[in-house]
Amino acid sequence: MPSRDATNRLSALVFLSALLALGCGDKAAQPAPAAAPAAETKPAEPAAPAPAPAPPAADVTVQPDAAGVVHLTGSDQMRYSASRIEVKVGQKVKLEMKNAGALPKEAMGHDLVVLKAGSDPMAFGAKAATAKATDYIPADAAEMIAHTKLLGPGESDTIEFDLPGAGTYPFLCTFPGHVALMKGVIVAQ
Ligand SMILES: [Cu+2]
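Residues numbered from 1 in each chain as written. Predicted model: local features only at pLDDT ≥ 70, side-chain atom pairs only at ≥ 80, totals over all residues.

A. Representation of the overall build of the protein within the structure. Looking only at helices and strands, the protein has four helices and nine strands in total. Helices (α) and strands (β) of the protein occur, in sequence order from the N terminus, as α-α-β-β-β-β-α-β-α-β-β-β-β. For the protein, the proportion of its 189 residues judged to be buried stands at 25%. Once local pairs closer than 6 in sequence are excluded, the contacts in the protein between residues at least 24 apart make up 67%. (Helix = DSSP H or I, 4+ residues; strand = E, 2+ residues; numbered from the N terminus. Buried ≥ 20, exposed ≤ 12 C-beta atoms within 10 Å, placed from the backbone. Contact = placed C-beta atoms within 7 Å.)

B. How the structure looks around the sheet that holds strand β7 (residues 156-161). Strand order in the open sheet made by the three strands is β2-β4-β7, with mixed pairing throughout. Two strands close off the open sheet at either side, each with one partner strand: β2 (69-74) and β7. Ignoring which end each strand starts from, the neighbouring axes of this sheet average 20° apart. Pairing between strand β4 (residues 93-99) and β7: six bridges, direction antiparallel. Paired with Lys94 across the bridge in β7 is Glu160. (Pairing = 2+ DSSP bridges. Axes fitted to C-alpha atoms, helices over the stretch in contact; angles between N-to-C directions.)

C. Expanded view of the environment of Cys173. In this fold, Cys173 is placed in the loop between β8 (167-172) and β9 (183-188). A sequence separation of 99 residues divides Cys173 from Gly74, and the C-alpha atoms of the two residues are 9.0 Å apart. Excluding residues that lie within four positions of it along the chain, Cys173 makes contacts with Gly74, His110, Asp111, Leu112, His178, Val179 and Met182.

D. Structural detail: the environment of Ser83. Within the element layout of this structure, Ser83 appears in the loop between β2 and β3 (84-87). Take Ser83: there are 20 C-beta atoms within 10 Å of it, and that puts it in the buried class. Considered as a pair, Ser83 and Gly184 are 101 residues apart in the sequence and their alpha carbons are 4.3 Å apart.

E. Expanded view of unusual backbone geometry. At Met78, a position not held by glycine, the phi torsion is positive, near 65°. Within the fold, Met78 resides in the loop between β2 and β3. Of note, the phi angle at Tyr136 is positive, near 65°, even though the residue is not glycine. Here Tyr136 lies in the loop between α4 (121-128) and β6 (144-147). Its 22 C-beta neighbours within 10 Å are what place Tyr136 among the buried residues.

Right, dumping it as structure tokens:
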């Protein structure tokens, strides 16, 4: 005859087994929990830093070549070949801008306009976009230091100009809609 202790232990085991079976049965019988909105109930993650905006042009820096000329191109993808031009302060800037694209000038013309330090290229671009009669060089261009011609595919223009001193001078393409992607800076140091 089993001792009272053993009987108790046995009863406890049976009870536990029953409980476990019940638990499992319960789970199986229940419908899958209605798609737990895990994503929604997750505590809000700390605001991720906003992704950096795409650079306006190829993130490339150019300097004058051995002959002292800065070369820049514009493409059918509405990009300059560089977004930063570095020159020595006090030196005349010689810049050759070429439209390296193939699309017609009326659809994808490019120029390069240099503005005084502190000017807003977006505001200037908006103003210039309305000046179709003058190839998008506005009559009121007090901010402008120099500009190339408006260039069609394969065309180029070389300009020479002086910068008033050390500083950062914005440049842009004034063909309508291009300034958003076609702008950069000339850094004189
Ligand atoms: Cu352009």
